[in-house]
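Working through the structure, step by step
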Amino acid sequence: MKNNLQVRNAPHVTSGWTSQKIMRLVFFALLPAAISGIYHFGLSAVGIILTCLAASWITDVVLQKVTNSTHGWFNWSSLVTGMLFALVLPPTVPPWVAIIGSVFAISIGKYAFGKGNNIFNPALIARTFVAVSFPAFLAKWITPDGVTSATPLTLMKLEGYSAVTQQYGSTLYNVLLSGDIGGCIGETSAIAILLGAAILFIFGVIEWRIPTFYLVTVAVFSAMVGRDVIFDLLAGGLMLGAFFMATDYVTSPITYKGKIIFAMGCGLLTMLFRVYSNLPEGVSYAILLMNAAAPLIERYTKPRPFGWKPDKKVIKT
Amino acid sequence: MKRGVHPLTNKITEGSEIRDIKIPDKLYIYMSQHIGAECKPLVKKGEKVERFQKIGESDQYVSTPLHSPVDGTVEDIIKHEHPVGHECDCIVIRPDKKKYEEPTTNDAVKYNGKDALNIIRDMGIVGLGGAMFPTHVKLSPPEGKKIDTIIINGAECEPYLTADSQLMIEHAKEIVKGIEIIHDIIDAQVIIGIEDNKKKSIKALQEAVSEHDYLIKALPVKYPQGAEKALIKSLTGRIVPAGGLPMDIGVVVCNVGTVFSIYEAIYKQKPIVERVVTVTGDVKKPGNFRTMLGTTFNHLVKAAGGYAGKPNVVMCGGPMMGIAQKTDAVGLIKGNNGILVFNEDRKFPDSTDCIRCGKCIDVCPMNLVPKIIATYSKNKKFDLAADNHAMDCFECGCCNYACPSKIDILGLIKQSKAEIRRKKDEK
């Protein structure tokens, strides 16, 4: 019985979690938002989602070959990126924009930095890339009925909140919850997104700090400047951003305090963009900016180990 | 205790009675079976030895002597693979073919604290929970350190292992007598901590302590509940300072197995020459066995019915902290509470890229950021690993257990620790 025993480090048992399982759960958690988008925007949404999924998946497989990495031809992580990217596109974008964006998301967004080391959220950086490259396609909004119309936040930016209440009247919160309103494919229905978020919470895929502090910061800021708090929370990409984008493992700090600072920064920037900039919406830029700050935040928010006294400066960087 | 993990407890040998096994043909007694100075052999090749004869000793204070478990002949003194360390000197004894009577118990033994300490050292008693720290050192705190709490560790949080819990069930009275001895040496309150899933052990001890004011506390089932620092926090709320010892906060912790040995040493004049060990996992008849030190793992596995299938990993200890062995020809040491066998089908999965999920932080009982230390270690930045408290890690392995990417985080941290220690030694 000699020499054929495996010598390895302890521990010898492991939890049932695998990275692929986590990614699969995130993918399924995105389905309610996707289905809501398909329900409201119809076949064009189906086309965009499938295009993005296929383009991301193929890019990932090709790059795996090129980079000699070994995680297998089927990878849920690339599908999650593709899905997230599709969900932040308007339902009117042509397929080639979706393809370019998806390829960018995987190749530059992920692989260029080495997988698991990317600084920016791949889906959001790709959205920014196509928004800057093809601005006309990314600013064309339709209502679920197919009528060209501004999103509520654009309307608010251009004509003020009174115009929004005039157009939607008492149904405003209802349409923001159900998604029967103009906007990106997966962003419009708060209920669908919350359903997906519930899945993530129940399985412990994401933890509460980032979404909670993000939303609370937005709410407080909104109340302070005298805006409609519920409108600010439900409109635009905030829900999707808070639960699915800001919580991205790779691009957010891993320390608890870091997560809180990161989320508050996201909330603050989101509202600064919404209130004081020329942009109607600021969730994606807010998250991207905080992504860039994440490593620094992480460095200064390391926890105090068990057994160390509070008064000592324990963590050198 | 905060954090930690909940691995499947898999206590398949629960309630299985402690059985004696056949004395093997050869015993391998390692000269290093404690923290501290290694023993020097007191016998030569070919010499006859008697049962309980001292065969190894060191003149250092932090060290304990070793005894022969049997009457027999010293066949050789060799360098032999050690189950938890490097090769070291090892006395190989060939036992005479005969049966041994258990030494008679003398309940009327009178002892005082000082004598008891000497006997404890003389009988080779070390912490049997795994660390093998000489017990006489632990029980004689230096001037100025006031001990006010004695904690008896019966947590046994390691999955699979049941040696301690079975010992508590079968020898509760003796354990309580052992606690009395410790109590006589150090006058302090006694708290016994046992994990909640060992109802029988708790009941047995509760009955046995009825005449004393020892406190028995049931602990939530969680790994690493029985780790010294975690246990002290759970039972007393006190926090062992970084780099410090339990005695710094007035606590001394003893494993139930150690306490039982103290009882045997005082009342039976019996040194540690045998212990209870759980042999479990992929063996045909898993169970708890009382066996002599130096018994080889393959002999023990044979006693447990032999391997069930082709073994892949043979561990000294449980699945969380157990040390995978190169060969099953190594001998049993004092701190070895279990032998666990895993076949190929329980192979640890291959690792993938880190996705920075932060699960290692969620489970680390020391409140470290294992991922960051591991990254620095991987990049050979050991100074930075030290700044991030690599040395505070007590190697429970929760981070590896929880890691969805199956990265050997602990292995990397251990590398840093070794490197940091080496640098410190050079200075």
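Residues numbered from 1 in each chain as written. Chains lettered and ligands numbered in written order. Predicted model: local features only at pLDDT ≥ 70, side-chain atom pairs only at ≥ 80, totals over all residues. Heavy atoms only, no water.

1. Quick look at the overall build of chain A
Regarding its fold elements, chain A presents 14 helices and zero strands. For chain A, the succession of helices and strands along the chain, N to C, is α-α-α-α-α-α-α-α-α-α-α-α-α-α. Relative to a compact globule of 317 residues, whose C-alpha radius of gyration would be 20 Å, chain A shows 21 Å and is just as compact. Here the C-alpha coordinates of chain A stretch approximately 80 × 50 × 35 Å along the principal axes. Expressed as a percentage of the 317 residues in chain A, the buried residues total 56%. (Helix = DSSP H or I, 4+ residues; strand = E, 2+ residues; numbered from the N terminus. Rg over C-alpha atoms; globule rule 2.2 N^0.38 Å. Buried < 20%, exposed > 50% of the residue type's maximum accessible area, 1.4 Å probe, protein only.)

2. Brief notes about the interface of chain A and chain B
For an interface, size is often stated in terms of accessible area lost upon the parts coming together. Each partner contributes to the interface: chain A provides 42 residues, whereas chain B provides 64 residues. Both sides together, the interface formed by chain A and chain B hides about 4,600 Å², and carbon and sulfur atoms give 58% of it. The interface formed by chain A and chain B holds one salt bridge in total. Note that Arg356(B) and Glu298(A) form a salt bridge whose closest N and O atoms lie 2.8 Å from each other. Elements with a contribution of two residues or more to the side of chain A that touches chain B: α1 (19-41) and α14 (283-300) of chain A. Classifying every residue of the side of chain A that touches chain B by side-chain character gives 19 nonpolar, 15 polar and eight charged. (Contact = heavy atoms within 4.5 Å. Buried area = accessible area lost by both parts, 1.4 Å probe. Salt bridge = Lys/Arg side-chain N within 4 Å of Asp/Glu carboxyl O. Nonpolar A, V, L, I, M, F, W, Y, C, P; charged D, E, K, R; others polar.)

3. With respect to the packing of helix α3 (residues 163-170) of chain B against helix α7 (residues 256-268) of chain B
Residue and element names in this part refer to chain B. One can describe the packing of α3 onto α7 by two numbers: an axis separation of 9 Å at closest approach and a directional angle of 45°. In terms of their interaxial angle, α3 and α7 are classed as oblique. For the pair α3 and α7, contact is made by Asp164, Leu167 and Met168 and by Val256, Gly257 and Phe260, respectively. For the contact of α3 with α7, a count of residues per class yields four nonpolar, one polar and one charged. (Axes fitted to C-alpha atoms, helices over the stretch in contact; angles between N-to-C directions. Parallel < 35°, antiparallel > 145°, perpendicular 65-115°, else oblique.)

4. Brief notes about α1(A)
Residues and elements named next belong to chain A. Taking 1.5 Å per residue, 23 residues should reach 33 Å; α1 reaches 32 Å between its end C-alpha atoms and fits that length. Within α1, the axis deviates most sharply at Leu31, by approximately 30°, and proline Pro32 lies no more than four positions further along. After α1 finishes, the residue Gly42 shows a positive phi value of roughly 75°. (Expected span 1.5 Å × (residues − 1). Bend = angle between axes of the 7 residues up to and from the residue.)

5. With respect to the domain arrangement of chain B
Residues and elements named next belong to chain B. Taken as a whole, chain B is organised into domain 1 (24-103 + 271-345), domain 2 (113-268) and domain 3 (359-426). Domain 1 and domain 2 are separated by 23 Å when their C-alpha centres are compared. With 39 residues of domain 1 at the contact, the number on the domain 2 side is 29 residues. Both faces combined, the contact of domain 1 with domain 2 buries some 2,800 Å², and carbon together with sulfur accounts for 60% of it. Considering only the side of domain 1, the residues that lose the most area to domain 2 are Ile35, Tyr61 and Ile272, jointly responsible for 18% of the buried surface there. Our enumeration of links across domain 1 and domain 2 arrives at three salt bridges. When the shortest N-O distance is used, the salt bridge between Lys268 and Glu102 registers 3.1 Å. Summed over the shared surface of domain 1 and domain 2, the result is 18 residue pairs in polar contact (both at pLDDT 80 or more). When residues of the side of domain 1 that touches domain 2 are traced back to their parent elements, those giving at least two are β5 (54-57), β13 (274-281), β14 (287-292) and β17 (338-343). Among the elements that line the side of domain 1 that touches domain 2, the one with the most residues is β13, at six residues. (Domains from an automatic or database assignment. Polar contact = N/O pair within 3.5 Å; in protein donor to acceptor, adjacent residues only side chain to side chain.)

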